[in-house]
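# Analysis of the macromolecular model
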Amino acid sequence: MANSYLKSPIKRDLLFLGILLLISLFYDYQNILFYRPQGIHAWRQTDCLSLTYSYYKENAPFLEPQLHIQFSDQQTSGKTIGEFPILYYFIGNLWKLFGHQEYMYRLFVLLLSYLGLFCLYRIAWKLTNSWMLAVSAPIILLSSPIFAFYAANFLTNIPALSTMLIGWYFIARYIENARMKHFYWAIFFFLLTGLLKVSTLMTVMLIPLAILLEMIGLHKLKKEGKAFAKPVLQLGLFVFMLALVMGWYKYADYYMSIHEGRYTFTKPVTLWETPRELSDMYLTHFKESLLPQIHRVVTMALIIIAGIFLFIRHRKVEKFWLIGIPILLVGYVFFVLLFIYSLDGHDYYHIDFLAVLIFIYLAFIRYISREESVLIQSPMVQGIFSIFLVFNVMGCANNLYVRYHNCPESDLPYRQIFCSRKEVDLLGYPQWQSDIMRTYGTVEPTLRKAGISREDRFLTMDDGSFNVTLYLMDQKGWPNMDGSLGDSLKIMDKVQLGAKFMIMHRPGTLEQAWLKPFMSHRFLQYENLHVFDLRPFAAVKQSS
């Protein structure tokens, strides 16, 4: 009965989508969609939202987005740029139609990630002709904590990965039917991938390599005929696509240099340039806390072992996979060595490694479907494999819970079945935000009622990020990042630049003796937020 049901393509697809929906409900996406930016890397989340808000509220030109932080043009504007802002621009204009609704941003990214997962499922089906193996590939990806967390979030990493998967699907379609329209669509989606996150193009670079190998007769992707019938044109399209991507980042660097404001840090900091004690700390942190955020360690180990197995059985494995696997692994290691600070809590930097893992996994299930097809038809093997997939999904759901909720000590024994205490500490450290960020996120109506406009510059004394509190309040101004508001002279410099109000929430900040003179004009209090008027200090400075 089950086999006959799975013979229908529509029914196969619907069953997969049903499983995707069940996992999404298990992950609590139905509630997460309506959460404000929070959890680990709220800093980067609010950067993305702040850029989006400039398109919505200020009608910023497409190529001139702004942040709330005033760190450009000698600290008089927020003009900056990084990745191609098509996502921010689209959501900003969507907000113009429906209002400032953050859930729309999360929902759009989530739907795009679903489309990427569906394309991965279709690719795996074409490779294996096995529904169970085909479904397992997107489940493996969706049970990665960093994929699941950022799949309903505000960063561009998952949209880049999703457009890459869509592009690969069109490449698979092209190899199957040789229709150039599919190749053109693949180039289009790969272009979006590179513009959103250039490092995600790593697996895509295997395609021009395959075209070259086929041209010189070293490898064939198809038993009969050529997979790439117009190699010169197709290589030219790849070169053109890469030129557009590089052209964009050249413009972005120019834009940031003329405005002197950078919110992305793309300059390499290599392992050999980093002090030994710092690199040792990074590596320890990566091993103990960050590595499990990429995927369950046992799952990654099994996939790597599967990759090694393919080389042991290399005579029965297609050359494309044998060439691609070491290139991608070396590429990822090179990326880590080049950007060593990616090991220090920046979990989303490692989303690209998921593409490497999935590439190895696809190679393995391709081999299994061709050489061990009897094995995958065994009910016992299917049962064990299903338990393995469920284990990964449960571990990921637990990880998401820890990321979004405070975990009392009584809850930790259960949570630590899937997460170590160090993982809990890493994921839970931003949970001060749960109350504090709620307060900053609801203070705006009170500020407007008190006569404060969004253009009135604020000093946020207890915020060391670029835009977290500024975005949540919708106020332009300056945070106390790296002690930039650490003494009276720095405060007065900002007053001269137009700072009108100062806000803080920490009792320790309120007790700072050197800040007391600046607290002489209390303006309002909202719950635990204290707002002080700095305008009298500007008048005193001008009169002197």
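Look up a bit, the structure's there.
Definitions and limits used
- Here the residue numbering is sequential within each chain, running from 1 through the sequence in written order.
- The model is predicted, so local features are restricted to residues of pLDDT at least 70 and side-chain atom pairs to those at 80 or more, both for listing and for counting; the totals for chains, interfaces and linings are taken over all residues.
- Values shown for side chains rest on all heavy atoms present in the structure; no hydrogens or waters enter the calculation.
- Helix and strand labels come from DSSP, where a helix needs a run of H or I of at least four residues and a strand needs a run of E of at least two; each type is numbered from the N terminus.
- Here, two residues are considered to be in contact whenever any of their heavy atoms come within 4.5 Å of each other.
- Here the term cavity refers to a set of points on a 1 Å grid, laid over the protein atoms alone, in which a 1.4 Å probe fits but cannot get out; the term pocket refers to an open set having protein on both sides within 12 Å along at least five of seven lines, with lining residues being those that place an atom within 4 Å of a point.
- Grid points are joined across faces, edges and corners, and a volume is the space filled by probe spheres set on the points.
- For two strands to be treated as a pair, DSSP must find at least two bridges joining them.
- Axis definition: a line fitted to C-alpha atoms, over the contacting stretch in the case of helices. Angles run 0 to 180 degrees between N-to-C directions.
- Roughly parallel here means an angle under 35 degrees, roughly antiparallel means over 145, roughly perpendicular means 65 to 115, and every remaining angle is called oblique.
- What makes a crossing left-handed is the near helix being turned counterclockwise from the far one by less than a right angle; a clockwise turn instead makes it right-handed.
- Partly exposed describes any residue whose relative accessible area lies between the buried limit of under 20% and the exposed limit of over 50%, with all areas from a 1.4 Å probe on protein chains only and scaled to the type maximum.
- N or O atoms closer than or at 3.5 Å make up a polar contact, with two conditions inside protein: a donor-capable atom paired with an acceptor-capable one, and, for residues adjacent in sequence, both atoms drawn from side chains.
- Only residues whose relative accessible area exceeds 30% and that form no salt bridge enter a patch; like-charged residues are grouped when within 9 Å of one another, and nonpolar side chains (Val, Leu, Ile, Met, Phe, Trp, Tyr) when within 5 Å.
- We get accessible surface area from the Shrake-Rupley algorithm with a probe of 1.4 Å; when it comes to residues, only the shown protein chains can shield them.
- By definition, a salt bridge exists where a carboxyl oxygen of Asp or Glu is found within 4 Å of a side-chain nitrogen of Lys or Arg.
- Among buried residues, the Ala, Val, Leu, Ile, Met, Phe, Trp, Tyr and Cys ones that are joined through side-chain atoms within 4.5 Å form a nonpolar core.

Mapped onto the elements, Gly116 comes out in helix H6 (residues 102–128). Other than its neighbours up to four places away in sequence, Gly116 contacts Ser162, Leu165 and Ile166.

Now for the layout of surface pockets. In this structure, the second largest pocket spans a volume of roughly 940 Å³. Together, 33 residues line the second largest pocket, and Leu127, Ile175, Leu221, Trp321 and Arg366 are the ones closest to its centre. At the level of elements, H6, helix H9 (157–177), helix H11 (206–215), helix H15 (319–338) and helix H16 (351–371) are the ones that each hand at least two residues to the lining of the second largest pocket. Here the lining of the second largest pocket gets eight residues from one element, more than from any other, and that element is H9.

Taken in spatial order, the five strands make up an open sheet running S2-S1-S3-S5-S4, and their pairing is mixed. Edge positions in the sheet fall to strand S2 (477–479) and strand S4 (522–526), since each has one partner strand and no second. Here the strands of the sheet are splayed against their neighbours by 20° on average, with no regard to which way each runs. Pairing geometry for S4 and strand S5 (residues 529–533), over four bridges, is antiparallel. Counterpart to Leu524 in the pairing with S5 is Val531.

Viewed as axis vectors pointing N to C, helix H7 (residues 131–142) and H16 meet at an angle of 165°, and their least axial separation amounts to 10 Å. Classified by the angle their axes make, H7 and H16 are roughly antiparallel. Of the two possible hands of crossing, H7 and H16 adopt the one that is right-handed. Between H7 and H16, the residues in contact are Leu133, Ser136, Ala137, Ile140 and Leu141 and Leu354, Ile358, Tyr361, Leu362, Ile365, Ile368 and Ser369, respectively.

What follows is about the side chain of Asn399. Mapped onto the secondary structure, Asn399 falls in helix H18 (residues 379–404). Given the relative accessible area of 0%, Asn399 is considered buried. Here the side chain of Asn399 touches Gln293 through a polar contact of 2.8 Å, side chain to side chain.

Next up on the list: a nonpolar patch on the surface. A surface patch of nonpolar side chains, about 510 Å² in accessible area, is lined by Leu212, Met215, Ile216, Leu218 and Val232. Residue position: Met215 is located in helix H11.

In this section: unusual backbone geometry. You will see that Ala178, though not glycine, has its phi angle at about 60°, which is positive. Checked against the element boundaries, Ala178 lands in the loop between H9 and helix H10 (180–196). Here Ala178 falls in the partly exposed class, since its relative accessible area comes to 46%. Phi is positive for Asp474, which is not a glycine, with a value near 55°. Turning to its location among the elements, Asp474 is positioned in the loop between helix H23 (468–473) and S2. On the basis of relative accessibility, which here comes to 3%, the residue Asp474 falls in the buried class.

Another point: the nonpolar core. Side chains of a nonpolar character, in soluble globular proteins, are inclined to be buried together. Membership of the largest hydrophobic core comes to 156 residues, with the highest contact counts inside it found for Tyr27, Tyr29, Tyr105, Phe183, Phe190 and Leu362. Excluding residues that lie within four positions of it along the chain, Phe183 makes contacts with Ile171, Tyr174, Ile211, Phe228, Gln234, Leu237 and Phe238. The next biggest cluster of nonpolar side chains, apart from the first, holds 18 residues, and it includes Leu459, Met492, Ala499 and Leu515.

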